[in-house]
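A structural walkthrough
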Amino acid sequence: MKKTIQDLTQLRGKRVFVRVDFNVPLSDDGQVMDTTRIRETLPTLRALVEQGARLIVASHLGRPKGKVDDALRLSAVAEELQRELPDVPVRKVDEVVSAAVMEKANALKDGEILLLENLRFEPGEEKNDPELAKKLAALADVYVNDAFGAAHRAHASTEGITHYVQESVAGLLMAKEIEALERILTQPHRPFTAIIGGAKVSSKISVLKHLLDKVDNLVIGGGMAYTFLLGRGLSVGKSLVEPDFVEEARQLEEAAKQKGIQIILSQDLVVADRFGKDAKHQIVPVEAIPDDWEGMDIGPETRQRIRAVVEQSRSILWNGPLGVFEFPAFSEGTRAIAEAVVKATTNGAQTVLGGGDTLAAIELFRVPGSSFSHVSTGGGASLEFMEGKVLPGIAALNEKTAATV
Ligand code: ADP
Ligand code: MG
């Protein structure tokens, strides 16, 4: 188990470097469009402030690629953070590292926050340059990583820095993410059902393979399902397929059969005459996709079947929409699954959601995140976690010692 900020004592007067994920969407005029990521880190920041620590807070934003980009400065983020923490002095510097930044960090008083400029303005950040890592480490005594969404990257602020500070621990959000994902993957309640959807098999095949050793039921939906249907020898019309993955899809089905895992694919579909919001559409059995049509969503029978499986499951992992939920005509499948997973949660199942578009879908359906046991904030990071990969930003954190367990 990783050490967390709850294992730290005597932080008063200490300089604590907190890596957060403030990679928020900005409007054209530079306003923060969604403050979720800022609000998610408040428990960690508050806890440290209350202990009298002096916080040096840093994040990346967008993809400036190692150069200063005025449109990607963290100034609007600093204003939001100040709004969220009205009683805490929040200052911002316009650089990541410099003598002036060092001076400001050293001038912090207990319980104050200094927000650094966008980490990715520094060319050394994404290269995990030890020189940058040392400069970041020099700003603080203790390192806290609360940026789960960036934990799958070995960057100077997520990995390199940990080699040059006395102590590297998880923030509360990071700890919550690790705990929820680890728990469902290693100690699921049975039956354990994974629902994996989304656009591409190529981006999720490793997740599917890793889950084969863990789940009882595997629901495969969304665009990636058509590559599996092709592997079953069905014709899929103009549906999204990745021909290079048909063989892997077939092998995965074979492996599932040998392990006694139930794979659930569509038995009926909503197909459209083209990819578009107002496309003509109809429901067809999976064996009867017309040549010029494409699959856009699971059909009503499939919804019922998945509902039934979900509602009798005690652990559910869901990543990826079941259809093109962005278009109302093709959102019913994803909506039905969202409702079923909420119901299962109400009935005591352990439910974990991940994936940027999956979160966008539940938001569109106005299903609050609190309707599930855990909603993962990190798209790429949660995917790599579900692949069974070691995330460098997590691996770099100190383990709890016997004394702190
Ligand atoms: P997540 O971000 O939740 O991991 P993905 O990025 O893998 O999900 O996939 C989400 C996208 O998959 C959505 O934009 C959705 O429209 C698309 N999608 C789902 N079903 C289909 C389909 N049948 N055909 C084409 N695209 C699909
Ligand atoms: Mg996505």
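Because the structure is a prediction, the values reported are computed rather than measured.

Regarding the layout of surface pockets
What the largest pocket holds in volume is close to 1,200 Å³. Considering the residues around the largest pocket, the lining is formed by 45 residues, among which Arg37, Leu359, Thr377, Gly378 and Gly379 are closest to the centre. Contributing elements (two or more residues each) for the lining of the largest pocket: helix H1 (36-40), helix H7 (172-186), helix H13 (356-364), strand S15 (374-375) and helix H14 (379-386). For the lining of the largest pocket, the element with the highest residue contribution is H13, accounting for 5 residues.

Digging into helix H3 (residues 75-84)
Ala76, Val77, Ala78, Glu80 and Leu81 are the residues of H3 that are buried. For H3, the elements touching its buried residues are H1, helix H2 (42-50), strand S3 (90-92) and strand S4 (113-115).

Thoughts on the site of ligand 1
Around ligand 1, a shell composed of 19 residues is seen, among which Ala199, Lys204, Glu326, Asp357 and Thr358 lie nearest. Side-chain polar atom of Asp357 to an oxygen atom of ligand 1: 2.8 Å apart, as the coordinates give it. Relative to its free-state accessible area of 580 Å², ligand 1 is covered by the protein chains to the extent of 84%. Where the shell around ligand 1 is concerned, the elements lending two or more residues are strand S12 (294-298) and H13. Partitioning the shell around ligand 1 into residue classes produces 6 nonpolar, 10 polar and 3 charged.

Thoughts on the nonpolar core
Counting 70 residues, the largest nonpolar core has Phe17, Leu116, Leu136, Leu218, Ile220 and Leu317 as the members making the most contacts within it. Excluding anything up to four places from it in sequence, Leu317 contacts Ile184, Leu185, Phe192, Thr193, Ala194, Ile195, Leu211, Val352 and Met386. Core analysis: the second largest hydrophobic core is formed by 33 residues, Leu42, Leu45, Val77 and Val90 among them.

Rules and cut-offs
Residues numbered from 1 in each chain as written. Chains lettered and ligands numbered in written order. Predicted model: local features only at pLDDT ≥ 70, side-chain atom pairs only at ≥ 80, totals over all residues. Heavy atoms only, no water. 1 Å grid on protein atoms, 1.4 Å probe; cavity = no way out; pocket = protein on both sides within 12 Å on 5 of 7 lines; lining within 4 Å. Points joined across faces, edges and corners; volume = space filled by probe spheres on them. Helix = DSSP H or I, 4+ residues; strand = E, 2+ residues; numbered from the N terminus. Buried < 20%, exposed > 50% of the residue type's maximum accessible area, 1.4 Å probe, protein only. Contact = heavy atoms within 4.5 Å. Near = heavy atom within 4 Å. Polar contact = N/O pair within 3.5 Å; in protein donor to acceptor, adjacent residues only side chain to side chain. Areas by Shrake-Rupley, 256 points an atom, 1.4 Å probe, with all protein chains shown as cover. Nonpolar A, V, L, I, M, F, W, Y, C, P; charged D, E, K, R; others polar. Core = buried A, V, L, I, M, F, W, Y, C linked by side-chain atoms within 4.5 Å.

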